[in-house]
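# Structure assessment
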Amino acid sequence: MSDTSQTTSRKNPLAAVFLDHPATVNETYFQHMRFAFSFAFWLGAAAMAALVHALIPALFETTASRILKRLHARIENRH
């Protein structure tokens, strides 16, 4: 008798590592990769803006916070 109910962990450990989490946000592995890479890019941009702002306060006064607010909204809209 086979169990067709969905479990939280797949029998294949590699599938569990690469597929279980993306499935929790209704994405494929590659869709999730694209989202995460995009998120990482904008986090890096925010970090660079904050670094420049730390050295020269007149530059990038609100850039990092605007990027973070936009990223926060993207995360909130996914769930």
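From a predicted model like this one, the values you see are computed outputs, not experimental measurements.

It is worth spelling out a nonpolar patch on the surface at this point. Taken together, the side chains of M48, L51, L55, I56, L59 and F60 present a nonpolar region at the surface, about 610 Å² in accessible area. Tracing the backbone shows I56 in the loop between helix 2 (29-55) and helix 3 (63-78).

Quick look at the nonpolar core now. The biggest cluster of nonpolar side chains holds six residues, and these are F35, F39, A46, A64, I67 and L71. Residue assignment for this core shows that the elements contributing at least two residues are helix 2 and helix 3. If near-sequence neighbours (up to four positions away) are discounted, F39 is found in contact with L71 and I75.

A few words now on helix 3. Across its 16 residues, helix 3 extends 23 Å between first and last C-alpha, which sits within 8% of the 22 Å expected from 1.5 Å per residue. For helix 3, the full list of buried residues reads T63, A64, I67 and L71. Projection of helix 3 onto a plane perpendicular to its axis shows the buried side chains occupying an angular sector of 95°, all on one side. More than 90 degrees from the buried face of helix 3, the exposed residues found are R66, K69 and N77.

Right, let's get into the packing of aromatic side chains. The way to describe two aromatic rings as a pair is by their centre distance and the angle between their planes. Enumeration according to the criterion identifies four aromatic pairs in this entry. Aromatic pair Y29 and F30: ring centres 5.1 Å apart, planes at 80°, arrangement edge-to-face. Judged by relative accessible area, F30 falls into the exposed class, the value being 60%. Each ring, one from F41 and one from W42, has its centre 5.0 Å from the other, and the planes form 85°; the classification is edge-to-face. On the accessibility criterion, F41 (53% relative accessible area) is exposed. Over the ring of W42 we find R70; its NZ or CZ atom is 4.4 Å from the centre of that ring.

Helix length check: helix 1 (residues 13-24) (12 residues) gives 17 Å between terminal C-alpha atoms against 16 Å at 1.5 Å per residue, within 8%. Residues of helix 1 that are buried include every one of A15, D20 and P22, and no others. Between the side-chain oxygen of the N-cap and the backbone nitrogen of L14 there are 2.9 Å, and the N-cap of helix 1 in question is N12. Where helix 1 terminates, the next one or two residues include N26, which has phi positive at roughly 55°.

Between helix 2 and helix 3, the least distance of the axes is 8 Å, while the angle of their chain directions is 160°. Judged by the angle between their axes, helix 2 and helix 3 are roughly antiparallel. Considering how the two elements wind past one another, helix 2 and helix 3 form a crossing that is left-handed. For the pair helix 2 and helix 3, the contacting residues are H32, F35, S38, F39, W42, L43, A45, A46, A49 and A50 in the first and T63, A64, I67, L68, R70, L71, R74, I75 and R78 in the second. In terms of residue class, the contact of helix 2 with helix 3 is made up of 13 nonpolar, three polar and three charged.

Cut-off values and rules
Residues numbered from 1 in each chain as written. Predicted model: local features only at pLDDT ≥ 70, side-chain atom pairs only at ≥ 80, totals over all residues. Heavy atoms only, no water. Patch = residues over 30% accessible without salt bridge, like charges linked within 9 Å, V, L, I, M, F, W, Y side chains within 5 Å. Areas by Shrake-Rupley, 256 points an atom, 1.4 Å probe, with all protein chains shown as cover. Salt bridge = Lys/Arg side-chain N within 4 Å of Asp/Glu carboxyl O. Helix = DSSP H or I, 4+ residues; strand = E, 2+ residues; numbered from the N terminus. Core = buried A, V, L, I, M, F, W, Y, C linked by side-chain atoms within 4.5 Å. Buried < 20%, exposed > 50% of the residue type's maximum accessible area, 1.4 Å probe, protein only. Contact = heavy atoms within 4.5 Å. Expected span 1.5 Å × (residues − 1). Arc of directions from axis to C-beta. Phe/Tyr/Trp six-rings, centres within 6.5 Å; stacked < 30°, edge-to-face > 60°. Lys NZ or Arg CZ within 6 Å of the ring centre and 35° of its normal. Polar contact = N/O pair within 3.5 Å; in protein donor to acceptor, adjacent residues only side chain to side chain. Axes fitted to C-alpha atoms, helices over the stretch in contact; angles between N-to-C directions. Parallel < 35°, antiparallel > 145°, perpendicular 65-115°, else oblique. Left-handed = near helix turned anticlockwise from the far one by under 90°. Nonpolar A, V, L, I, M, F, W, Y, C, P; charged D, E, K, R; others polar.

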